[in-house]
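So you can see what is in the structure, the chains are spelled out below.
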Amino acid sequence: MTLGLVTAGESHGPALVALLTGLPAGLRLDREAIDANLGRRQQGYGRSPRQQLETDRVEVLAGLRHGLTLGTPLALVVRNLDHKNWQWGMSPWPPEGEPEGKGTKPVTLPRPGHADLAGVLKYGHEDVRNALERASARHTAVHVAAGAVAKALLAELGVVVAGRAIEIGGATGDEGMRKATDAARADRDTLGGIVEVVATGVPPGLGSYAEKADRLDARLAAALMGIQAVKAVELGDGLALARDRGSQAHDEIDPGLARRSNRAGGLEAGVTNGEPVVARAAMKPLPTLMRPLDSVDLATGDPAQALVERSDVQAVEALAIVAEAAVAWELARAAREKFGGDALVDLLAAHRSYLARIGDTWRR
Ligand SMILES: Cc1cc2nc3c(=O)[nH]c(=O)nc-3n(C[C@H](O)[C@H](O)[C@H](O)COP(=O)(O)O)c2cc1C
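Residues numbered from 1 in each chain as written. Predicted model: local features only at pLDDT ≥ 70, side-chain atom pairs only at ≥ 80, totals over all residues. Heavy atoms only, no water.

1. Here's the deal with the overall build of the protein chain
If you tally the helices and strands in the protein chain, you get eleven helices and 14 strands. Taken over the C-alpha trace, the protein chain has a radius of gyration of 22 Å; the compact-globule value for 364 residues is 21 Å, and the two agree within 12%. For the C-alpha atoms alone, the extent of the protein chain along its principal axes is close to 70 × 50 × 40 Å. Classification of the 364 residues of the protein chain by burial places 48% in the buried group. Taking the intrachain contacts of the protein chain between residues at least 6 apart in sequence as the baseline, contacts between residues at least 24 apart amount to 70%. Looking at the protein chain as shown, the accessible area adds up to about 17,700 Å², and 54% of this sits on carbon and sulfur atoms. (Helix = DSSP H or I, 4+ residues; strand = E, 2+ residues; numbered from the N terminus. Rg over C-alpha atoms; globule rule 2.2 N^0.38 Å. Buried < 20%, exposed > 50% of the residue type's maximum accessible area, 1.4 Å probe, protein only. Contact = heavy atoms within 4.5 Å. Areas by Shrake-Rupley, 256 points an atom, 1.4 Å probe, with all protein chains shown as cover.)

Here it is in structure tokens:
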């Protein structure tokens, strides 16, 4: 048994939904903890006013009773409060009455770097909105909610996952990152950056080298690359390792199985080795520019400026929370595969017996 996650929802539609399968029964969830993660995703220095419009809160429709999972599919909903301004434009059914509010006019000006052109070509849409609404990163909200559930499961195993922004627009340090954001905002431009996620307390033996699809390094890379605007993923010292000699690159093993370094980022052969799991994701600058790039009007074929829509200057701090959720989900999924258990007590018993077999020396 493994964990499954399916999501649905458009950026300005009524709601975002997630269906989580494979959770063991008896896991205690805390609504405030899930909402706190949703709140963290909405914060960050370079976010647009949209974030003040939305105060994300999780609703649970199924799979939970009195705060405990039932071992059945868990259905989560996060409403889009902004939908009230898009009721005609984003109505699931043919709208009635005169067009009013936002989203009433078709978008025909694709933004370079966004889903707009590829999306309309692939699906045969005439209105770019039909592509951008789902491609938008708004639905990362339910991925963060799912990540919060995964973190609750990992906490039972003593695993803690934390993400943070380490670079924005090439600048480091809180002050440098703020200055870079202010400068880009003044120029009506956008920035990207780098986030780092570290998971501690991860037992050795999650993931497998048996097949490439089982490798946890591959699964983490796919999970992080699957987030909007992420263009590179690094595990441990990743890129730098390619430039080092083997004598410097690898983490020597001391008696008691302690490592002298963690350049591998906690993964060898796609399997956790007991060291902290360290993953970084690089985000490109956001593609919606207040000073739009050259594009083409798809209605006429004439040169035109790309769509301008309310947008963030940078969303690197938000990405850190989304990336943390993605790593937590993959680690929880690998833990569920390794320790099994329809009931949490069975999963925890399997975890305890495994640690007793390998010895507890790895937990430093
Ligand atoms: C948390 C987060 C917030 C984002 N906010 C915006 C935004 O406000 N404006 C924008 O143009 N792109 C934003 N993006 C990036 C786009 O969603 C992304 O570039 C687009 O979907 C195209 O996908 P790709 O960049 O992976 O090719 C955001 C991404 C993330 C992860």
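2. Quick look at helix α11 (residues 344-358)
A rise of 1.5 Å per residue sets the reference length of α11, with its 15 residues, at 21 Å; its end C-alpha atoms lie 21 Å apart and thus fit the reference within 8%. If you check which residues of α11 are buried, you get Leu344, Leu347, Leu348, His351, Tyr354 and Leu355. Taken end-on, α11 shows its buried residues confined to a sector of 125°, consistent with a single buried face. More than 90 degrees from the buried face of α11, the exposed residues found are Val345, Arg352, Ala356 and Arg357. Each element contacted by the buried residues of α11 is listed here: α5 (140-156) and α10 (316-339). In the stretch just after α11, Gly359 is the one whose phi turns positive, near 85°. (Expected span 1.5 Å × (residues − 1). Arc of directions from axis to C-beta.)

3. Considerations on the sheet that holds strand β1 (residues 4-8)
Pairing within the open sheet is antiparallel, and its four strands lie in the order β1-β2-β6-β3. With one partner strand each, in any of the chains shown, β1 and β3 (58-62) form the two edges of the open sheet. On average, adjacent strands in this sheet sit at an angle of 20° to one another, irrespective of strand direction. Of the strand pairs in this sheet, strand β2 (residues 15-21) and strand β6 (residues 74-79) are connected by six bridges, and their pairing is antiparallel. Within the sheet, the bridge partner assigned to Ala15 lies in β6 and is Arg79. Contacting β1, β2, β3 and β6, α5 crosses the sheet at an angle of about 35° to β2. (Pairing = 2+ DSSP bridges. Axes fitted to C-alpha atoms, helices over the stretch in contact; angles between N-to-C directions.)

4. Here we look at the environment of Ala146
Take Ala146: it is sitting in helix α5. Among the residues examined, Ala146 registers a relative accessible area of 1% and is labelled buried. With 42 residues separating them in the primary sequence, Ala146 and Arg188 have C-alpha atoms 34 Å apart.

5. Observations regarding the packing of aromatic side chains
Throughout the structure, instances matching the rule amount to one aromatic pair. For the cation-ring pair, Lys338 lies above Tyr354, with the distance from its terminal atom to the ring centre recorded as 4.1 Å. (Phe/Tyr/Trp six-rings, centres within 6.5 Å; stacked < 30°, edge-to-face > 60°. Lys NZ or Arg CZ within 6 Å of the ring centre and 35° of its normal.)

6. Remarks on the site of the ligand
As a matter of local geometry, the ligand sits amid 17 residues, with Ala229, Lys284, Thr288, Ser311 and Asp312 nearest to it. The backbone of Ala135 places a nitrogen or oxygen atom 3.2 Å from an oxygen atom of the ligand. One of the side-chain nitrogen or oxygen atoms of Ser311 is found 2.7 Å away from a nitrogen atom of the ligand. Coverage of the ligand by the protein amounts to 86% of the 630 Å² it exposes when considered alone. By residue class, the composition of the shell around the ligand is nine nonpolar, five polar and three charged. (Near = heavy atom within 4 Å. Polar contact = N/O pair within 3.5 Å; in protein donor to acceptor, adjacent residues only side chain to side chain. Nonpolar A, V, L, I, M, F, W, Y, C, P; charged D, E, K, R; others polar.)

7. Here we look at the pattern of salt bridges
Across all of its chains, the model carries 24 salt bridges by this definition. Put simply, Glu234 and Arg280 hold a salt bridge, and the shortest N to O gap is 2.8 Å. Of the two residues, Glu234 sits in strand β9 (residues 230-235) while Arg280 sits in strand β12 (residues 277-283), which places them 46 residues apart along the sequence. Of the two residues, Glu234 and Arg280, neither departs from the other in class, the shared state being buried. Among the ionic pairs, Glu268 bridges to Arg259, the shortest N-O distance being 2.8 Å. Using a relative accessible area of 34% as the deciding quantity, one classes Glu268 as partly exposed. Overlapping salt bridges bring together Arg164, Glu196, Glu234 and Arg280 as one network. (Salt bridge = Lys/Arg side-chain N within 4 Å of Asp/Glu carboxyl O.)

8. Some remarks on the packing of helix α7 (residues 216-225) against α10
In contact at an axis separation of 9 Å, α7 and α10 are set at 145° when each is read in the N-to-C sense. Note on packing geometry: the crossing formed by α7 with α10 is right-handed. Here Leu216, Arg219, Leu220, Ala223 and Leu224 of α7 come into contact with α10, specifically with Ala323, Ala326, Val327, Glu330, Leu331, Arg333, Ala334 and Glu337. (Left-handed = near helix turned anticlockwise from the far one by under 90°.)

9. A short note on the nonpolar core
Grouped together as the largest cluster of nonpolar side chains are 76 residues, with contacts concentrated most on Leu20, Leu76, Val149, Val161, Ile227 and Leu331. With 17 residues, α10 is the single largest residue contributor to this core. With sequence-adjacent residues up to four places away left out, Ile227 is seen in contact with Leu319, Val322, Ala323 and Ala326. Core analysis: the next-biggest nonpolar cluster, separate from the first, contains five residues, Val107, Val120, Leu132 and Leu307 among them. (Core = buried A, V, L, I, M, F, W, Y, C linked by side-chain atoms within 4.5 Å.)

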